[in-house]
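Results of the structural survey
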Protein chains: 2
Amino acid sequence: MPPAWREDGEGPQTLTGLLPEGFRDRLPPQAEAAAALLRTLLDTVAARGYARVQPPLVEFETGLSGWLMKPASTALLRATDPASGLGLALRPDITGQIARIAATRLADAPRPLRLAYGGPVLRAKGGQLNPAREFLQAGAELIGSDSLAAATEILTMAVAALAAAGVTDISVDLTLPELVATLAADRWPVPCPLADLHAALDAKDAGALPALGATAYAPLLAAAGPAAQALARLRALDLPVAPQLDALESLAAALPGTHVTIDPTERHGFEYHSWLGFSLFGRGPEGAVRGEIGRGGSYAVRHSNGTSEAAVGFSLYVDALVDAGLGITRPRRLFLPHGTPSTTADTLRAQGWATVAALSPTDTPQGCSHVWNGVEAAAL
Amino acid sequence: MPPAWREDGEGPQTLTGLLPEGFRDRLPPQAEAAAALLRTLLDTVAARGYARVQPPLVEFETGLSGWLMKPASTALLRATDPASGLGLALRPDITGQIARIAATRLADAPRPLRLAYGGPVLRAKGGQLNPAREFLQAGAELIGSDSLAAATEILTMAVAALAAAGVTDISVDLTLPELVATLAADRWPVPCPLADLHAALDAKDAGALPALGATAYAPLLAAAGPAAQALARLRALDLPVAPQLDALESLAAALPGTHVTIDPTERHGFEYHSWLGFSLFGRGPEGAVRGEIGRGGSYAVRHSNGTSEAAVGFSLYVDALVDAGLGITRPRRLFLPHGTPSTTADTLRAQGWATVAALSPTDTPQGCSHVWNGVEAAAL
């Protein structure tokens, strides 16, 4: 049989199989783990009434901006649309797309609107710690409220989803993304640009505060830590955010068995969030999941009529779970020797077996855990 | 609470929510249907021992070529890699990626190699009948054999997957993609370019054959039809492809209850296939699935050392199933009035309910099928 590829007159290519930096093949069992983890996370979310939506991978570059926050222009992987000549971009996250859907096609749907999603996102550049440019994300967004009740539902659901996925030692780091701006606008004004203050606090650089005229903020850095201790220290500062502190206390109380910390000034990665932000951490069978497993918080969805709508949600990073060894199962596959009737195969599959049928008398049960001996499945 | 978007000094944008032509949002219940159908198709495949792989969405443009057939350069949606400056492209199909994986990372894995996949593919241009440019595909590839046994496993599995997804009146159209070239090389040489003969036969244009000096091929067009009739007519022509005709007869016999036709000269869309190609059709609750539901056949995987390896596989088009109304379920959601204890919610979810918890006393059970009255789930 002749080979089926055709060169279209361009001559043979060098076939290296190299992938661009930041992209990879998932092979078994990791590819199955990723799919299984995505199922588990989204099943947990569906069980709490969140309905799946599936936005496209590609949008107009301008369409990916503005619903929440304009993505940094360097973050987008761009394509040119041969149909329109307009600039397209691959989505760098899905939350912004959900906000778009909530503000347009589902603008008239009853609130609160509970939506779930799962799929890949792409970025133009990998990070220093993680060169990946394609990520599998799962998430949920509750649109129409960012009340304590809404935040509690979202945060406990995120933790429940991770627990269902097998994550242990789950910890949650809570932050108040608007705290610093609120204080700078009123209680503790600073002579420096707000961005410089945010940068120093995100870097936990107390030494930089005096030069910024922002020594007042040093106790906020020192307050970070386990929830009970952090709340006590923050309350001692008599800040004009008592309701938010009460809310953090309530959230921590809603997560028994979860280690909760508070980092009140952390804003990096929470640029579009409002009163609440949170990061999730935990362990898999191969040790601590590297970096964040997910994050979320409250935000406002912008509508085209100029109004905004409160929301709260989270995104979970499936790749981080896979890389920590979660979701891996040893497949139980039953080898059916050559000549096994197809009706027998049907029966065994109906009993829950994954079958591998020999195509010829010389096929061997490689990759199988059991072999059918005509009477029963014998373990190999 | 202030709105959370930031304009980065570029002024307000017009927020239209418009998507590029050929891209769309899937909303509930269609988004859930797409996810459920993908699960069902891949569960059917997994039950026959096919292991999931997950290649990236993006590759070097050159890397997407050559493992099977070079994609038409106009078919690829391209991006430029800011990291390398090299040309990237979004995958137009997944079969070529599976061939790459089989020829490189899994070159030394035992054969036959059974791999499954599911995910989106993207194209630069929509078609005349279907403007979509993003498609959700699921498929399976058996690498290491294109024997009748291998083809039978693949084709019966494709039909079983569609049946599990709820497709009725499944029909299969079989073709012999190499037949015309085989005949032209030996039995019935033609003075015209082979591509012209293929074009005339793909167009079923018997009237064009005399001008091509190819009247001998007219009986092949006339032979197309239901399998038994087509095989009888083809055998009467005494062609040098008796083993292939026996194989088609055997394949048809392996599909009881499936309407099998044979279109022996069809090659459009089977450009890289070898002895066998097939297309799948059927009906959903809202009528016939528009166009093909999937296709597959035998082919050769090219290895970098110049050898090739026989394979057979299929791809199924999840969007076609969703658009025909398949996979839609009416969600059973149980509204939990404000104040329902979270332990009650846990218990009800453990019983299989999807719960929707009121966030405030004014929340209503919109979107729910049942409401918890403190004792039981009452239908609404």
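Residues numbered from 1 in each chain as written. Chains lettered and ligands numbered in written order. Predicted model: local features only at pLDDT ≥ 70, side-chain atom pairs only at ≥ 80, totals over all residues. Heavy atoms only, no water.

**A short note on the overall build of chain A**
Defined as follows: Secondary structure elements follow DSSP: runs of H or I of four or more residues count as helices, runs of E of two or more count as strands, with numbering from the N terminus. The buried label goes to any residue with under 20% of its type's maximum accessible area, the exposed label to any with over 50%, and the partly exposed label to all in between, with areas taken from a 1.4 Å probe on protein chains only. We call two residues in contact whenever any of their non-hydrogen atoms come within 4.5 Å of each other. Accessibility throughout is a Shrake-Rupley quantity obtained with a 1.4 Å probe, and a residue counts as covered only by protein chains that appear here. Counted as positive: Lys and Arg. Counted as negative: Asp and Glu. His and the chain ends are not counted at all. In plain terms, the charge of a residue is placed at NZ if it is Lys, CZ if Arg, CG if Asp and CD if Glu.
The helix and strand tally for chain A stands at 10 helices and 17 strands. A total of 380 residues make up chain A; the buried ones form 55% of that total. Contacts in chain A between residues at least 24 apart in sequence constitute 68% of all its contacts with a sequence separation of at least 6. Carbon and sulfur atoms provide 54% of the accessible area of chain A, an area that totals close to 15,300 Å². Distance between charge centroids for chain A: 2 Å, based on 29 positive and 37 negative side chains.

**Quick notes on the pattern of salt bridges**
Short version of the rule: A pair is scored as a salt bridge if a Lys or Arg side-chain nitrogen falls within 4 Å of a carboxyl oxygen belonging to Asp or Glu.
Counting across every chain of the model gives 40 salt bridges over all chains. For Arg26 of chain A, the salt bridge identified is with Asp319 of chain A, shortest N-O distance 3.1 Å. One end of the pair, Arg26 of chain A, is in the segment before α1 (30-46); the other, Asp319 of chain A, is in helix α9 (residues 318-323), and 293 residues separate them in sequence. Across this residue pair, the class does not change: Arg26 of chain A and Asp319 of chain A are buried. One salt bridge connects Asp263 of chain B with Lys204 of chain B, and the closest N-O pair in it is separated by 2.8 Å. Remark: Lys204 of chain B occurs in the loop between α5 (194-202) and α6 (218-223) and Asp263 of chain B occurs in the loop between β9 (259-262) and β10 (273-284); sequence separation between them is 59 residues. Three or more residues are tied together by salt bridges with common partners; here these are Arg24, Arg26, Asp319 and Asp323 of chain A.

**Some words on the domain arrangement of chain A**
Put simply, the rule reads: The domain boundaries here were taken from an automatic or database domain assignment.
According to the domain assignment, chain A consists of domain 1 (21-169 + 283-329), domain 2 (178-269) and domain 3 (333-379). Placing a centre on the C-alpha atoms of domain 1 of chain A and another on those of domain 3 of chain A gives a separation of 40 Å.

**Notes on the UniProt feature "binding site: L-histidine" (unreviewed entry) in chain A**
Residue and element names in this part refer to chain A. Worth spelling out the cut-off: UniProt positions are given in the numbering used here, feature names are shortened, and annotations may be inferred rather than shown by experiment. Under the rule applied, a polar contact is a pair of N or O atoms within 3.5 Å (in protein, one hydrogen donor and one hydrogen acceptor; residues adjacent in sequence only if both atoms are side-chain atoms).
Those residues carrying the UniProt feature "binding site: L-histidine" (unreviewed entry) are Asp93, Ile94, Thr95, Arg123, Gln137 and Glu141 in this numbering. Structurally, Ile94 is set in the loop between β4 (87-90) and α2 (95-103). Judged by its relative accessible area of 1%, Ile94 is buried. Looking at where Glu141 falls in the secondary structure, it is placed in strand β6 (residues 134-143). Ignoring anything within four residues of it in the chain, the contact list for Glu141 reads Tyr50, Thr95, Ile98, Leu113, Arg114, Leu115, Tyr117, Tyr299, Val312, Gly313 and Phe314. Here Thr95 takes part through its side chain, which lies 3.2 Å from a polar atom of the side chain of Glu141.

**Observations concerning the interface of chain A and chain B**
Stated formally: By definition, the buried area sums, over both parts, the 1.4 Å-probe accessible area that each loses when the two are put together.
Contacts between chain A and chain B engage 103 residues on the former and 102 residues on the latter. Interface area, chain A with chain B, both sides summed: about 8,600 Å², of which 58% is carbon and sulfur. Applying the counting criterion to the chain A and chain B interface returns 8 salt bridges. The partner of Arg133 of chain B in a salt bridge is Asp81 of chain A, and the shortest N-O contact between them spans 2.6 Å. In this structure, the connection of chain A to chain B is made through 22 residue pairs in polar contact (both at pLDDT 80 or more). At 7 residues, α1 of chain A tops the list of elements feeding residues into the side of chain A that touches chain B.

**Some points on the pairing of strand β10 (residues 273-284) of chain A**
All names here are of chain A. Counted only if it meets this: A strand pair is defined by DSSP finding two or more bridges across the two strands.
Burial within β10 is extensive, with 10 of its 12 residues counted as buried. Sheet analysis places strand β7 (residues 168-175) next to β10, joined by 6 bridges and oriented antiparallel. If you follow Thr168 over to β10, its bridge partner there is Arg283. Strand direction decides the pairing type here: β10 and strand β12 (residues 294-302), joined by 5 bridges, are antiparallel. Its bridge partner being in β12, Leu280 is matched across the sheet by Gly294. Bridge count for β10 against strand β11 (residues 287-288) is 2 bridges, and the pairing is antiparallel. From the neighbouring strand, Arg283 faces β11, where its bridge partner is Ala288.

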